[in-house]
Amino acid sequence: MPVLNGNNSNNQLTPWHSYDVEALRSELQVGIDGLTAEDAKARLGTCGPNEIPKGRKTTVWELIWGQINNPLVWVLIGAGLVAMAADPVGGLKNGLVIFGVVVLNTVIGTLQEGKARKAIEALDQMVPDRAIVIREGQNLDVDAREVVPGDRIQLASGDRVPADARLIAIKGLMVEEASLTGESVPIEKSLTVLEAKTDLGDQLNMVFAGTMVVAGTGHAIVTSTGAQTQLGLISSMLRNADHLDTPLTKAMAKLGKTVSLGIIVLAIAMLVVGVWRTMASTGVPFTKAFQETVLFAISLAVGAIPEGLPALITIALAIGVQRMAKRRAIVRKLPAIETLGSTTVICTDKTGTLTQNKMTVETHWLPSPDRAVEELILASALCNDASPTSEGAVGDPTEVALADWAEKSGGNVGFVRDKHTRIDAIPFESERQYMATLHKGGTAYKKGAPEVVLSRCSGVDAATALDRVHAMADDGLRVLALAKKEGLSALNHEDPGDGWTFLGLVGMIDPPRPEAIEAIGRCQRAGISVKMITGDHRATASAIAKELGIKQDRPALTGHELSDMDDEAFAQAAARTSVFARVAPEHKLRLVKTLQKQGNVVAMTGDGVNDAPALKQADIGVAMGITGTAVSKDASDVVLTDDNFATIAAAVEEGRRVYDNLIKSLAFILPTNLSLAITFGIALVFFPFDAVTRELLLPMAPMQLLWINMVASVALGVPLAFEAMERGIMDRGPRAPGTPILAKNLVVRTAVVAVLMAAAACMVFMWEYRTILANGLPDELARREAQTLAVNTLTFFQIFYLLMCRTLQGPIKSIGWFSNKAIYAGIGALLLLQAAFVYVPSMNVLFETAPIDLRSWLIAGLCGLTVVPVIYAIRKIEERAQRNEAH
């Protein structure tokens with residue numbers, strides 16, 4: 001029985017790259033002419049179709065349930081149901097309004113989360129529709145889903161590989177594997193049998209599903225299909241990657257549970273007190289007292305719940321998203337923008353993100369002072385198939401680098417080629433490891449692997465040259481040797497012969513982006529650890545990391561070395577090592593998970609299919625918009641439109657500003673809700689009962705509570721999302737994971753302001769109510785006017801407190817009084833809405849308000865102004881405490 005789909009009896013991936021062709025055919029039971037039709041059909045039945053398994057999609061109902069299943073929402077729903085049950089008439093209106101708030105928040109949240117998860121579907125697009133297989137000696141064009149292990153497939157330039165396969169015949173075959181391995185240039189394939197533990201990126205005798213043939217032809221025997229391919233294994237890792245809540249959602253969930261529990265306890269306590277007071281003051285039976293008091297308890301709960309908070313958070317995040325779009329980062333999931341601000345570790349790819357994704361000649365070496373560099377440049381221009389254009393050469397990245405070097409050195413490549421007409425050429429093939437061209441006049445040029453070129457040169461100190469090759473390679477350079485030979489009339493394609501003249505060495509590299517160097521420095525100063533995780537070679541990765549300024553406390557590690565580590569050693573490596581080279585997808589995923597277990601908030605960048613599982617697992621996945629695959633983009637939270645690490649640093653900075661502004665919004669909105677709960681608590685314990693109706697006097701009606709929560713709070717809270725960036729925002733260390741969303745000083749401030757607001761609202765209500773009654777006006781009018789004044793008083797408190805919340809780091813002048821004009825627009829809009837609330841007849845009916853005179857407006861304004869000196873006093877106390885801690 002053959003080993004099918006790459007698994008042996010121990011369920012380990014079979015190292016097909018270590019098999020010679022005869023052992024491969026024997027193991028897979030396939031002859032020279034390929035499988036028979038019967039064999040192919042039987043294997044298709046055993047192994048299944050060659051397709052990537054699809055994951056289950058998240059339904060709309062699951063998204064909606066995710067918004068409803070929240071402690072604050074359940075308290076709201078419960079309050080609405082109890083209100084409707086306790087009072088079928090008045091409670092119906094209050095209940096419907098409460099449910100309207102729930103529906104609004106659910107719609108906003110569902111739209112926010114509504115993008116379907118497409119990462120696994122995108123993997124499907126990487127498998128071609130058709131494939132050429134050889135069965136019973138015949139070339140057949142079949143549906144790629146019907147390809148089975150043991151099939152002999154034919155590959156040519158432009159083909160996408162249909163399955164993992166072991167090469168058995170090639171001619172100049174080059175495959176683009178960047179999306180799978182992270183290798184920055186196309187891979188030259190060979191037939192050499194390799195060691196079993198060879199890393200994926202070095203398995204030169206294999207081709208993998210989803211990769212693209214860019215040059216040459218080849219034949220291969222399929223070893224794995226569908227879920228067992230490298231692409232399928234990545235799909236499995238992607239489906240199994242953990243779904244993590246963001247720091248913001250974790251903190252908000254914790255806050256929501258705390259607030260919900262507090263509201264329930266407070267509501268029950270007030271219900272007990274209210275029933276006792278109602279029975280004692282009015283003499284009504286328990287049932288009647290309970291029915292009346294439960295509405296007050298519900299009003300208290302509704303007042304304490306920050307109904308406008310979800311809308312405020314969504315709007316603040318959306319504004320951050322718009323800002324990030326202007327800074328070339330597209331945020332796919334709203335909470336991601338804040339998560340970037342919490343990042344403690346950035347795991348970044350190298351190619352294109354930290355580097356320019358363009359091979360460039362970095363240096364050259366001549367064998368002697370007598371050898372002119374002009375000959376080396378001429379050879380680079382002529383022994384080269386890159387095509388010069390007005391915007392630079394195009395073609396193989398290595399040849400483009402040589403052509404560009406020649407052009408920048410003063411030579412016009414097109415003119416030089418016209419002058420030295422090519423009459424013959426030996427194309428590059430991996431078996432030969434060189435390319436040669438012959439030009440008019442009989443001069444031939446050769447370029448290729450230094451060992452191969454030097455072996456055919458005479459009059460050269462090969463040992464010295466090879467020492468230089470090794471030194472350049474240690475610096476991360478890709479090294480080519482060039483030589484020439486004169487007096488030829490034709491090239492011998494079988495054997496170019498000896499007697500070549502060695503011209504020198506050229507070292508090239510994909511250079512770092514200058515802006516990435518500065519961005520890495522900013523991140524490291526901000527306390528963020530930067531780790532490079534790449535599919536490139538160790539020497540190249542280390543050299544680039546050194547140029548970029550990435551702190552390296554330990555030498556770079558390879559994927560092979562990571563595979564041999566136990567969990568403890570791996571954890572130490574993840575924490576202390578900054579450069580990881582030649583890594584496979586499972587290594588990236590394991591690194592991210594390990595860093596998260598150590599308490600880090602991890603941002604992961606990538607562009608290939610191999611990056612997708614780690615992108616999804618990371619707290620914040622950042623995909624490349626230019627070079628990124630559809631798979632990596634769909635697995636990510638943020639997509640960079642310029643593929644530049646500097647944009648990540650800008651995103652971190654923006655994320656920190658968003659978080660700061662969210663905290664400002666919380667610091668602003670929570671005292672209002674707490675003050676409403678305290679206000680109703682004071683009323684329930686101390687306020688009198690009406691002598692005629694025997695109903696408890698309330699400083700505000702339930703509908704007025706919702707006005708303050710949903711209209712006043714949102715109208716004033718939203719402008720805080722536009723606040724300018726605090727000074728030194730990138731000089732702070734990252735927030736420690738698990739840090740409460742509200743610091744102790746903000747908790748104290750919230751309590752002080754809430755008590756002040758509640759006391760003022762209760763005092764002006766009772767004063768106005770008794771004044772109006774003393775003037776002989778009806779009780780109903782007195783209640784409505786007094787409640788309207790109480791609402792206006794809280795509104796002015798909010799307006800002045802809003803100004804105090806513009807910065808939590810220092811005085812307002814540190815950010816500028818007029819740096820955020822949206823604040824004043826919000827205040828103006830609220831004053832207009834408040835005027836309608838007080839004077840428009842239909843609003844009077846809906847919200848049980850009444851018109852008030854100018855005197856009442858002045859009283860409300862003066863009461864609200866008292867919050868300013870109180871906040872200044874609190875700040876002075878906080879500053880003194882900070883100075884004492886510093887000493």
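That block above? That's the structure.
## Notes on the overall build of the protein chain
The number of helices and strands found in the protein chain is 32 helices and 21 strands. Sequence-distant contacts, at least 24 apart, represent 73% of the contacts inside the protein chain between residues at least 6 apart. When the accessible area of the protein chain is evaluated, it comes to approximately 36,700 Å², of which 59% is carbon and sulfur surface.

## Considering the packing of helix α27 (residues 744–774) against helix α31 (residues 854–865)
If you want to describe how two helices pack, look at the angle between their axes and the distance between the axes. The interhelical angle for the contact between α27 and α31, taken along N-to-C directions, is 160 degrees, at an axis separation of 11 Å. As judged from the angle between their axes, α27 and α31 are roughly antiparallel. Handedness of the crossing formed by α27 with α31: right-handed. Here V764, W767 and E768 of α27 come into contact with α31, specifically with R855, S856, I859 and C863. Taken together, the residues of the contact of α27 with α31 sort by class into four nonpolar, one polar and two charged.

## Quick notes on the environment of R25
Inspection of the secondary structure puts R25 in helix α1 (residues 21–28). Measuring from C-alpha to C-alpha, the distance between R25 and I221 comes to 8.3 Å, with 196 residues separating the pair along the chain.

## Overview of the environment of I377
With respect to the helices and strands, I377 occurs in helix α13 (residues 373–382). Spatially, the C-alpha atom of I377 lies 8.4 Å from that of G411, the residues being 34 residues apart in sequence. Residue contacts for I377: discarding those within four places in its chain leaves W405, A406 and S409.

## Examining the environment of G497
Looking at the secondary structure, you find G497 in the loop between β14 (478–485) and β15 (501–509). Sequence-distant contacts of G497, defined by excluding residues within four places in its chain, comprise R456 and K485.

## So, the nonpolar core
Most often, soluble globular proteins have nonpolar side chains that are buried together. Ranked by size, the top nonpolar core spans 146 residues in total, and within it M532, V638, F645, L666, I741 and Y801 carry the most contacts. No other element matches the 19 residues that helix α25 (residues 645–686) contributes to this core. Ignoring any residue separated from it by four or fewer positions in sequence, one finds F645 in contact with I346, T348, T353, L354, A516, A519, I520, C523 and V530.

## Structural notes on the sheet that holds β15
One open sheet holds the six strands; their spatial order is β10-β15-β14-β13-β12-β11, and the pairing between them is antiparallel. Looking at strand neighbours, the two that pair on one side only are β10 (360–365) and β11 (422–429), the edges of this open sheet. If you compare each strand with its neighbour and ignore which way they point, the axes differ by 20 degrees on average. Pairing of β10 with β15 involves five bridges; the strand directions are antiparallel. Residue pairing across strands places T363 opposite G507, the latter belonging to β15. Relative to β15, α13 is tilted by about 70 degrees, and along the sheet it contacts β10, β11, β12 (434–439), β13 (443–448), β14 and β15.

## Considering the pattern of salt bridges
Summed over the entire model, instances satisfying the criterion amount to 33 salt bridges. A salt bridge links D642 to R328, with the nearest nitrogen and oxygen atoms 2.8 Å apart. Highlighted residues: D642 in the loop between β21 (638–640) and α25 and R328 in the loop between α11 (309–326) and β8 (329–331), separated in sequence by 314 residues. You can call D642 buried: its relative accessible area is 16%. Through salt bridges with shared partners, one network takes in R323, R327, R522, E653, E654 and R657.

## Points about the packing of aromatic side chains
Tallied over the full model, the rule gives twelve aromatic pairs. Here the aromatic rings of F687 and F765 are separated by 5.8 Å at their centres, their planes lie at 10 degrees, and the arrangement is stacked. In this pair, F687 is assigned in the loop between α25 and α26 (702–717) and F765 in helix α27, connecting sequence segments 78 residues apart. The pair F687 / F765 is uniform in exposure class, with both members buried. Where Y839 meets W857, the ring centres are 6.4 Å apart and the plane angle is 25 degrees; that geometry is what we call stacked. Remark: W857 occurs in helix α31 and Y839 occurs in helix α29 (residues 821–839); sequence separation between them is 18 residues.

## Quick notes on helix α28 (residues 779–804)
In a regular helix each residue adds 1.5 Å, so 26 residues correspond to 38 Å; α28 covers 38 Å between its end C-alpha atoms and thus fits that length. Across the 26 residues that make up α28, a large majority, 21, are buried.

## A word on a negative patch on the surface
Judged by side-chain charge, D33, E38, D39 and E136 come together as a negatively charged surface patch. Relative to the helices and strands, D33 is located in the loop between α1 and α2 (37–47). Take D33: its relative accessible area is 47%, and that puts it in the partly exposed class.

## What to know about a positive patch on the surface
A cluster of like positive charges, contributed by K813, K876, R880 and R883, occupies part of the molecular surface. Within the secondary structure layout, R880 lies in helix α32 (residues 867–886). Taking the relative accessible area as the measure of exposure, R880 reaches 46% and is therefore partly exposed.

## Some words on a nonpolar patch on the surface
A cluster of nonpolar side chains, contributed by W817, F818, Y824 and Y872, occupies part of the molecular surface with about 430 Å² of accessible area. For W817, the location among the structural elements is in the loop between α28 and α29.

## Some words on α2
For α2, the complete set of buried residues consists of A40, R43 and C47. Along the axis of α2, the buried positions cluster into a sector of 70 degrees, meaning they face one direction only. Turned more than 90 degrees off the buried face of α2, the exposed positions are E38, K41 and G45. Where α2 terminates, the next one or two residues include G48, which has phi positive at roughly 85 degrees.

Criteria and thresholds
Residue positions within a chain follow its written sequence, with the count starting from 1. In keeping with the model being predicted, local features are shown solely for residues with a pLDDT of at least 70 and side-chain atom pairs are shown and tallied solely at 80 or more, while totals for entire chains, interfaces and linings include all residues. The side-chain figures draw on all heavy atoms in the structure; neither hydrogens nor water molecules are used. Secondary structure elements follow DSSP: runs of H or I of four or more residues count as helices, runs of E of two or more count as strands, with numbering from the N terminus. Residue contacts follow a heavy-atom distance rule, with two residues in contact if any of their heavy atoms lie within 4.5 Å. Computed with the Shrake-Rupley method and a 1.4 Å probe, the accessible areas treat only the protein chains shown as cover for residues. Geometry is summarised by axes, namely lines fitted to C-alpha atoms with helices restricted to the contacting stretch, and by angles between N-to-C directions that run from 0 to 180 degrees. These descriptions rest on fixed angle ranges, namely under 35 degrees for roughly parallel, over 145 for roughly antiparallel, 65 to 115 for roughly perpendicular, and the rest for oblique. For a crossing to be left-handed, the near helix must be turned anticlockwise from the far one by less than a right angle; the clockwise case is right-handed. Think of it as three bins: nonpolar holds Ala, Val, Leu, Ile, Met, Phe, Trp, Tyr, Cys and Pro, charged holds Asp, Glu, Lys and Arg, and polar takes everything else, Gly as well. Only buried residues count toward a nonpolar core. Its members are Ala, Val, Leu, Ile, Met, Phe, Trp, Tyr and Cys residues joined through side-chain atoms within 4.5 Å. Burial status follows relative accessibility: with a 1.4 Å probe on protein chains alone, a residue under 20% of its type maximum counts as buried, one over 50% as exposed, and anything between as partly exposed. Think of it this way: DSSP has to see at least two bridges between two strands before they count as a pair. Salt bridges are defined by distance alone: a side-chain nitrogen of Lys or Arg within 4 Å of a carboxyl oxygen of Asp or Glu. Two rings from Phe, Tyr or Trp (for Trp, the six-membered ring) form a pair when their centres sit within 6.5 Å of each other. Planes less than 30 degrees apart are called stacked, planes more than 60 degrees apart edge-to-face, and all others tilted. Any helix carries an expected span of 1.5 Å times its number of residues minus one. Exposure above 30% relative accessible area and no salt bridge define the residues that can form patches, which grow by joining like charges within 9 Å and nonpolar side chains of Val, Leu, Ile, Met, Phe, Trp and Tyr within 5 Å. Positive: Lys, Arg. Negative: Asp, Glu. His and the chain ends are not part of the count. In this description, the location of a charge corresponds to atom NZ of lysine, CZ of arginine, CG of aspartate or CD of glutamate. Note that the arc is computed from the directions linking the helix axis to the C-beta atoms.

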